[in-house]
Amino acid sequence: MQYEEEENGVNVLVVNSPDISALPPVRNLVSVLAENGHNVTILTRNKNNIYFTDTNKIRIIPLPENKYTGFLRIFNYLKRAVFIRHTVDKEMPNNDILWTTTDSTVRELKGRVLKYKHIMQLMELVEDIPEIQPFQFKNVNLKKYAQRAYKVVVPEYNRAHIQKTWWDLKETPAILPNKPVDEEIDMSKITVEALEIINKVKQEKRKIVLYQGVFTTDRKLETYAKFFESLSDEYGFYILGRESEYRKQLCNQYPYITYLGFLPPPYHLLITKLAYISLLPYAPNKLIHHSILNALYCAPNKIYEYAKYGIPMIGNDVPGLALPFDKYGIGSIYHGGGAEEMRTIIEEIEANYKEMSDNCRKFYADTDLYKIVENIIS
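Keep in mind the model is a prediction, meaning the values are calculated, not measured.

**What to know about the packing of helix α7 (residues 222-229) against helix α12 (residues 338-351)**
At a closest axis distance of 10 Å, the pairing of α7 and α12 adopts a crossing angle of 75°. If you check the angle between α7 and α12, you find them roughly perpendicular. Counting all contacts with α7, which are made through Thr223, Tyr224, Phe227 and Phe228, the residues of α12 involved are Ala339, Met342, Arg343 and Ile346. Its residues assigned to classes, the contact of α7 with α12 shows six nonpolar, one polar and one charged.

**As for empty space enclosed by the protein**
This structure, assessed with the given rule, holds two cavities of 30 Å³ or more. Taken as a whole, the largest cavity encloses approximately 70 Å³ of empty space. The greatest single-element share of the lining of the largest cavity, amounting to three residues, is contributed by helix α1 (residues 24-35). Here the lining of the largest cavity is composed, by residue class, of six nonpolar, two polar and three charged. In this structure, the second largest cavity spans a volume of roughly 40 Å³. If you trace the second largest cavity, you find it lined by Pro25, Asn28, Leu29, Gln121, Leu176, Pro177, Asn178, Lys179 and Leu369. The dominant element in the lining of the second largest cavity, judged by the number of residues it contributes, is α1, at three residues. A breakdown of the residues in the lining of the second largest cavity according to their chemical character gives five nonpolar, three polar and one charged.

**Quick look at helix α10 (residues 301-308)**
Most of α10 is tucked away, with eight of its eight residues classed as buried. Along α10, the positions that sit buried rather than exposed are Asn301, Lys302, Ile303, Tyr304, Glu305, Tyr306, Ala307 and Lys308. With its phi angle positive at about 70°, Gly310 sits one or two positions after the end of α10.

**With respect to the packing of aromatic side chains**
In the structure shown here, the tally under the stated rule is ten aromatic pairs. Measuring from ring centre to ring centre gives 5.2 Å for Phe227 and Phe228, while their planes differ by 80°; the resulting arrangement is edge-to-face. What makes Phe227 buried here is its relative accessible area of 6%. On the numbers, 4.8 Å between centres and 25° between planes, the contact of Tyr304 with Phe363 is stacked. Taken as a pair, Tyr304 in helix α10 and Phe363 in helix α13 (residues 353-365) lie far apart in primary sequence, 59 residues in all. Of the two residues, Tyr304 and Phe363, neither departs from the other in class, the shared state being buried. Aromatic ring contacts, followed pair by pair, group Phe227, Phe228, Tyr235, Phe237 and Tyr256 into a single cluster. The ring of Tyr364 has Lys179 lying over it, and the distance from NZ or CZ to the ring centre is 4.1 Å.

**Description of the pairing of strand β12 (residues 313-316)**
Across the two faces of β12 the burial is the same, with Met313 and Gly315 and Ile314 and Asn316 all buried. Where strand β11 (residues 277-280) and β12 come together, three bridges link them in parallel fashion. Across the sheet, the residue bridging to Leu279 is Ile314, located in β12. Bridge count between β12 and strand β13 (residues 331-334): four bridges; the pairing is parallel. Bridge pairing links Gly315 to Ile333 in β13.

**Considering the confidence of the model for the protein chain**
Here the protein chain shows a mean pLDDT of 90. Residues at 70 or above account for 94%. When the criterion is pLDDT under 50, residues 1-6 qualifies, and its contacts beyond four places in sequence or with other chains add up to 17 contacts.

**Observations regarding the sheet that holds strand β8 (residues 207-212)**
Neighbouring strands of a sheet are bound in pairs by backbone hydrogen bonds; such pairs are parallel or else antiparallel. Read across the sheet, six strands follow the order β10-β9-β8-β11-β12-β13 without closing on themselves; strand pairing throughout is parallel. Single-partner strands in this sheet number two, and they are β10 (258-259) and β13. Sheet analysis places β8 next to β11, joined by two bridges and oriented parallel. Residue Val209 lies in a different strand from β11, and its bridge partner there is Ile277.

**Quick look at the nonpolar core**
Side chains that are nonpolar tend, in soluble globular proteins, to be buried together. One finds Ile271, Leu280, Ile303, Met313, Leu321 and Phe325 to be the most contacted residues of the largest nonpolar core, which totals 37 residues. Looking at this core, the elements that each hand over two or more residues are α6 (192-202), β8, β9 (235-240), α9 (269-272), α10, α11 (319-328) and α13. Not counting the four nearest positions on each side in its chain, Ile271 is found in contact with Ile197, Ile198, Val201, Leu210, Leu240, Leu260 and Leu263. One finds Tyr224, Phe237, Tyr256 and Ile346 within the second-largest nonpolar core, a separate group that totals 28 residues.

Here is what the cut-offs are and how they apply
Residues numbered from 1 in each chain as written. Predicted model: local features only at pLDDT ≥ 70, side-chain atom pairs only at ≥ 80, totals over all residues. Heavy atoms only, no water. Axes fitted to C-alpha atoms, helices over the stretch in contact; angles between N-to-C directions. Helix = DSSP H or I, 4+ residues; strand = E, 2+ residues; numbered from the N terminus. Parallel < 35°, antiparallel > 145°, perpendicular 65-115°, else oblique. Contact = heavy atoms within 4.5 Å. Nonpolar A, V, L, I, M, F, W, Y, C, P; charged D, E, K, R; others polar. 1 Å grid on protein atoms, 1.4 Å probe; cavity = no way out; pocket = protein on both sides within 12 Å on 5 of 7 lines; lining within 4 Å. Points joined across faces, edges and corners; volume = space filled by probe spheres on them. Buried < 20%, exposed > 50% of the residue type's maximum accessible area, 1.4 Å probe, protein only. Phe/Tyr/Trp six-rings, centres within 6.5 Å; stacked < 30°, edge-to-face > 60°. Lys NZ or Arg CZ within 6 Å of the ring centre and 35° of its normal. Pairing = 2+ DSSP bridges. pLDDT = per-residue confidence, 0-100. Core = buried A, V, L, I, M, F, W, Y, C linked by side-chain atoms within 4.5 Å.

Take a look at the structure:
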């Protein structure tokens, strides 16, 4: 495929080793680069066939999907790493910038990133990441690659300064918030199963309380489930995301919760826009190689997705939520005071709903994703 020529446009190779459907910010990045007039090749796993609108500017190279399970999973990594390194070497002579999206992507490329003008993006707060090689029990040393990158990119202000301190960087990492792009969702590609899920939610007569995201132990959804169970005549509690053991335990404990399954982006936004109140529960917890500080400085794309549709939020008392909630008036913080505090929060949201909804839209409009991306690559 030949790219369209664009004055001042550059060619960017985006490499994303995870499944892109699990990382909406990666899809947003690619879309923004293309809309800004740049030619983008994205090397990624794409199990759910995520689509892009600007097909003249975007080329997708699919990575091999995971084949092995259990102990043999190491072969998934080894096969993918070989494929990624070979493809990057093949593609980079025709590209100006190599943009990696996650710490695991850098791990799979390693020294290859040092050969090119490299933008190193991180989705999580992480100091280092373990090797995945037979008989090697050491870390990758992400610091080395970060120090030699053209730019390091993170999604939140505090994370930028933490990463700078950890890695002794000369410059503070650029901040690229996890804001979704504005686009007309292509309904011609939606599955019958997804349409059934959306229509099911549209038939709900109660006010929808929505959590969407991953189901892990750091999300502490039990508190909210217990409280809204007592108000189930007025509020419907819905959750959306990939299956997990934690999700099963939660719904077994609170059968009134409606689990919607997983919708690949951007179709999940068709559920988001139907919510009345949204939940952002984050609690410090050590998950895999992520820093225990990760949840404190959360930077979820969800905060922008909810704000886009004017949906007030309830979140835990962590800096990544408390600061924007206080500055913009887009949500309320739950401090762990039980049902009485939660009832007060709901009453405040109900009493100030229109104002909070308007504040959400103002918060959303305050971030110019296109300008930020252009500043990063310029």
